[in-house]
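Overview (structure and organization)
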Amino acid sequence: DGIYEVYQLDGYTSVVFCRMNPETTENNWNEGTKWSQTQDMTIISNETCHIAGWNTGVWASEYNTDTVYLNCNINGDWKGKNHYAVWTWTGSNAGTWKNMSTTTNKSGLYTIAASDLQTSIIFVAMNNATNDWNNKAQQTGNLAKPTTKANIFDMNASWVTPAGL
């Protein structure tokens, strides 16, 4: 199911999560055995950690229902675009563009205040800083604004509905 559990050992205050090559029998730092890793992270006891694209970790206490997160680290079609925005609307009302912000020390993770969103949303990666449908590089399908901690959307592929965690 892609969910792993790690127990904190007494005396340790930091952690790095690594994704190792399953074709190797050794788990070490040698070339070809380690595929990717998170940044050095200070351990927060009894917390869940979401690994965003295997290069950024986010502890559960670092996110909340006041913020919606977009993780663009996973998919090359979404990664490294010039600008990220949200098209948001309610029912048959006209929609509006809202800009997303980058997160401090969390490369590829973008945020927007949940209070800025209406009931429906579409995440859009833009070719430049102009919010316009003719400027889009990628977009999701129509999504419901999250109302729980299922508010981190991983961009696994283009034009698909991502799963919040």
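Residues numbered from 1 in each chain as written. Predicted model: local features only at pLDDT ≥ 70, side-chain atom pairs only at ≥ 80, totals over all residues. Heavy atoms only, no water.

Some details on the packing of aromatic side chains
For the coordinates displayed, the defined rule picks out four aromatic pairs. Pairing Y84 with Y110 gives two aromatic rings, centres 4.2 Å apart and planes at 35 degrees, and the pair type is tilted. In this pair, Y84 is assigned in strand β8 (residues 83-89) and Y110 in strand β11 (residues 106-113), connecting sequence segments 26 residues apart. Comparing Y84 with Y110 shows no difference in burial state: the two are buried. Measuring from ring centre to ring centre gives 4.8 Å for W97 and W133, while their planes differ by 50 degrees; the resulting arrangement is tilted. Placement of the pair is W97 in strand β9 (residues 96-99) and W133 in the loop between β12 (120-126) and β13 (136-139), with a sequence separation of 36 residues. (Phe/Tyr/Trp six-rings, centres within 6.5 Å; stacked < 30°, edge-to-face > 60°. Helix = DSSP H or I, 4+ residues; strand = E, 2+ residues; numbered from the N terminus. Buried < 20%, exposed > 50% of the residue type's maximum accessible area, 1.4 Å probe, protein only.)

A closer look at the confidence of the model for the chain
Of the residues in the chain, 73% have a pLDDT of 70 or more, and the chain-wide mean is 77. Within the chain, strand β6 (residues 56-59) has the poorest average pLDDT of any element, 62, and β9 the best, 96. (pLDDT = per-residue confidence, 0-100.)

Brief notes about the side chain of N135
Within the secondary structure, N135 is located in the loop between β12 and β13. For N135, a relative accessible area of 10% gives the class buried. Excluding residues within four positions of it along the chain, N135 makes contact with M126, N127, N128 and T130. (Contact = heavy atoms within 4.5 Å.)

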